[in-house]
Structures are given as structure tokens and as C-alpha cells.
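# Summary of the model geometry
Below are the chains, spelled out letter by letter.
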Amino acid sequence: MDKFDVTSTMGDMEAQNMKLKNSLPFSLAKFHISEDYGFLLPDPLKELSHYYMPWMEIANNLPLMIESHQLRVRVDKMPLLSCHLLKGHREQYLAHLLLSFITMGYVWQEGEKNIPKVLPRNLALPFVEVSQTLGIPPILVHSDFVLSNWKKKDPDGPLEIRNLDIIVSLPGGESLKGFILVTLLVEKAAVPGIKALTQAINAVLQSSEEELLQALKQLRTSIVEMIKALRQMHDYVDPAIFYAVIRIFLSGWKDNPAIPEGLIYEGVSEEPLKYSGGSAAQSTVFHAFDELLGVCHSKESTAFLHRMREYMPPSHRAFIEEIHSAPSLREYILSSGSYLLRETYNQCVMALAELRSYHINIVAKYVLTGATKAKDGGLSSLPGPPQALEERGTGGTAVFNFLKSVRDTTMEGIIKQCD
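Predicted model only: the values in this text are computed from it and were never measured.

Quick look at the overall build of the protein chain now. Helix and strand content of the protein chain: 18 helices and four strands. Taken over 419 residues, the protein chain has a buried fraction of 56%. In the protein chain, once contacts between residues fewer than 6 apart in sequence are set aside, the share between residues at least 24 apart is 80%. Accessible surface computed for the protein chain: about 18,100 Å², of which carbon and sulfur atoms make up 52%.

Have a look at this one:
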């Protein structure tokens, strides 16, 4: 890494400090981020008004309709409904959740065979309408799949997997439910880290080394808890079912050889539209931590990650951009000369790299091992595994190259003694 030139940057940092000190404290509320739930939507709605019953009835029966090859028939008969009766963002998020799951089921009902070229008007028009209102694309995104797709069995009980359920499902049974809920628990484990992030920025703005040290310690602890939460994937998700059943329903129509032209949204565009499938890269948590710690990824990885930000709620994107525009935590630590700050910062970077290494292990198990089990023919009750994404993630990347690159560049963020 290049040596840090303290004198050449101190003036810039002071100017940034002066500009941002007026907005102290840096807070989560401005970005609609919950102190208790982080990027999760607190207490998501489970039902819409009677007018939207046709959506609710289909969404509540998706696995059965898909497995019996009846979903497309039902959707084609569905009335065209307007989104104007949706009241507030919580109803809009539920509508997006319902329409995104219905869309993925409609497109992938027959697997990679007989993929429709057109999403019918009665699905495409309201889906695009609510998507434009929310500022997210008309496809299943992380905020649908995880952030707004959960409920407590006992409303007064804890946010633990035994007390959680999902609102809308797709084929995959308990493994799909486990995949969503374990991912949700990773997001929940990140909440203290998100709060620590705001404390760290405020500590830099106020030049408080002690507060910064405490914030960094809390951030590291939170990342370690995220790893613990991710370990539960092994307990709740069957690799063969993930690979052969679940994975295709997370696939999009951009960088996907199975649907190379994209998808026509009838009544919206005469030309096919292309959108990436679901990806962990759509989680705001990792982007926020990277920006705080000053982690720089390769040009190719950065381009993909920045494209994934377009799949996040606008307020979450704005949060990342605000962190990026804040004074550099890394430069502050380097200029402080504090060995303790440097070591604690390094522990955060190493924990983040360890989380990414563990994610690689998870993907290896659920893609490589899952593929082997699916191909062994021991899953006669399941459809054939997807071919088009054999070497790719559902977001469209060459998945292992991308994940290893991001992990390695995270490790490069460690401050060496000579820096």
C-alpha cells in the first residue's frame, strides 16, 4: 500500500470536517434506518386492503401454483389493479414484495424451459408503478426477499428464528424459509455495527479518539456476530434443494444466458428490459462497512457493487453516499499516530474479511456441493438444476472470482506498520 502523506491531506480533512460539523450528529433517522432493526423494515405489513385480494390470493399460494404449473394461467386471468390505493411506504413495500414474488414465479415456473418473453400487462404495469414510487427496480430485490418479508409468530417474542416466519414463499419449503430467515438474522446482527458506524463518524468529526475506539470495538463485535448468524445456514438450508429448486427463482434477466434478451414488460416498454437477480451484494450493510473502513475493491468488482446499489431503497443508497462523503476514518487513524486505534481498526477489517471468507465457504457448499447432489439424481421429486447459471451467481457475476476478489481486497485494507 502507498505510504500515507499526512501533510498533504490534513487541509482537505479539515475542510471536510468544517463542512460536516454543522450536521452533527450523523444519525440513522435521516435515512429511515431503524435503531432497533437496522435496514430491516420494522414490523412489515402482512395484508393489503380487499381491493388487492387478487394479488394476495396468488402470492399466498405461489409454491402450489408453481409446482402444479397453474401460476401463469392464474396471472393471465388476474385483473389489472392500480397502485393509487396503496397508502404509505409500508403498503407499497408489501405490494412490491407480492408482485416481485409473483413475477419470479411467472418467469421461472417451467425452469429454463419455455421462459416467457413477455410479462403480462396486468402484472407488469402495477409492478413498474410501485417500483417507480419506491425507487427500486421491478424485479425481486434484497429488500423484498429479506428486509420486508418477515413476521413474528408471537408479536411479543424475540427476533429469533424459532419465533419467525416469512410472509410470502416460493418453492423450496423449509429450506427457502431458512435461507430467508438466516439472512435476516445476519442483517439483525449488523444493527450494533450500523450504530457503531454513525458513532465512529461523529467521533472523527469531533476528534474524539476514545469514542472512536469504543465505536470500532462495537463494530468488530457486530461483524463477529454476523458470522455466527450466518453459520445457522447449515442448520436450516439443504444444499441440494437450494441449488436445484430455490436458486432459479432468484435469477434475473441480465447477464443470464437462459434469458439473454431480457424480458418485455407489456404496456411499459416494447423493448426487453434487463435486471439482475437477487444478490447478497444488494445488502446495504457490506457497502456501508466498506465505505466506513475505506476498503477499495477492484475496478470490475466496484462496478458490479455500485450497480447493485441501484437495487437498494433510495434512502439506503443515500446513507452509503453520506458515509463516502464523510471525512476518511482511515486517514484520521493514520494521522492520529495511535497504535491502539490502528490495531482496533485492523481488527474490524480482518473481521470483515473473515465474514467474506465464510460467505465463500457457504456459497461453495450451496452451489458446488448442491450441484453435485442435484446431478447425482437423488432428487427425483425436484426439477432439473439450472444450467445457465452453473458458474454464475444469481446476480450474474462469475461468483467465486467476484467473492474471492472482494475478500482479498478487504484484506489489503489492513494498515501495515510502514503505512
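So much for the structure itself; the text now carries on.
All right, on to the nonpolar core then. Residues Trp55, Leu212, Trp253 and Phe319 are the most contacted members of the largest nonpolar core, which totals 138 residues. Apart from the residues within four sequence positions on either side, Trp55 is in contact with Leu48, Met78, Leu81, Cys83, Ala95, Leu98, Leu99, Ile102 and Pro126.

Mean pLDDT over the protein chain works out to 89, with 87% of the residues at or above the 70 mark. Below a pLDDT of 50 lies the segment residues 1-22, which in the model reaches 27 contacts outside its immediate sequence neighbourhood of four places, other chains included.

Before going further, it helps to spend a moment on helix α9 (residues 191-205). With 15 residues, α9 should reach 21 Å at 1.5 Å per residue; the first-to-last C-alpha distance of 22 Å fits that figure. Taken together, the buried positions of α9 are Val191, Gly193, Ile194, Ala196, Leu197, Thr198, Ala200, Ile201, Asn202, Ala203, Val204 and Leu205. Of the residues one or two after α9, Ser207 is the one with positive phi, at around 55°.

With respect to the helices and strands, Gly38 occurs in the loop between α1 (6-21) and α2 (53-59). Taking relative accessible area as the criterion, Gly38 reaches 1% and is therefore assigned buried. Separated by ten residues in sequence, Gly38 and Leu28 have C-alpha atoms that sit 8.6 Å apart. In this view, Gly38 contacts Ile33, Val191 and Ile194; residues no more than four positions away in its chain are not counted.

The topology assignment puts Leu64 in helix α3 (residues 62-67). The exposure class assigned to Leu64 is exposed, which follows from its relative accessible area of 58%. Considered as a pair, Leu64 and Leu170 are 106 residues apart in the sequence and their alpha carbons are 8.7 Å apart.

Take the packing of aromatic side chains next. Tallying each qualifying case throughout the model produces 13 aromatic pairs. Taken together, a centroid distance of 6.1 Å and an interplanar angle of 25° make the contact between Phe101 and Phe145 stacked. Of the two residues, Phe101 sits in helix α5 (residues 88-108) while Phe145 sits in helix α7 (residues 142-147), which places them 44 residues apart along the sequence. The same class applies to Phe101 as to Phe145, namely buried. Taking the ring centre of Tyr358 as reference, the NZ or CZ of Arg231 above it sits at 5.6 Å.

Cut-offs applied
Position numbers for residues start from 1 in each chain and track the written sequence from start to end. Per-residue local features are limited, in this predicted model, to residues with pLDDT of at least 70; the limit for side-chain atom pairs, both in listing and counting, is 80 or more; totals at the level of whole chains, interfaces and linings are taken over all residues. Where side-chain values are given, they derive from all heavy atoms of the structure, hydrogens and water being excluded. Numbering goes from the N terminus for both helices and strands, where a helix is a DSSP run of H or I of at least four residues and a strand is a run of E of at least two. Relative accessible area decides the class of each residue, using a 1.4 Å probe on protein chains only: under 20% of the type maximum gives buried, over 50% gives exposed, and in between gives partly exposed. Residue contacts are defined here by distance: any two heavy atoms, one from each residue, within 4.5 Å place the two residues in contact. Accessible surface area values rest on a Shrake-Rupley calculation with a 1.4 Å probe, where residue burial reflects the displayed protein chains alone. Think of a nonpolar core as a cluster: buried Ala, Val, Leu, Ile, Met, Phe, Trp, Tyr and Cys residues, connected wherever their side-chain atoms sit within 4.5 Å. As a per-residue quantity, pLDDT reports the predictor's confidence and falls between 0 and 100. Multiply 1.5 Å by the residue count of a helix minus one, and that product is the helix's expected span. Pairs were defined over the aromatic rings of Phe, Tyr and Trp, the Trp ring being its six-membered one, requiring ring centres within 6.5 Å. Orientation was assigned from the angle between planes: stacked under 30 degrees, edge-to-face over 60, tilted for the rest. Two limits define a charge over a ring: the Lys NZ or Arg CZ must be within 6 Å of the ring centre, and within 35 degrees of the ring normal.

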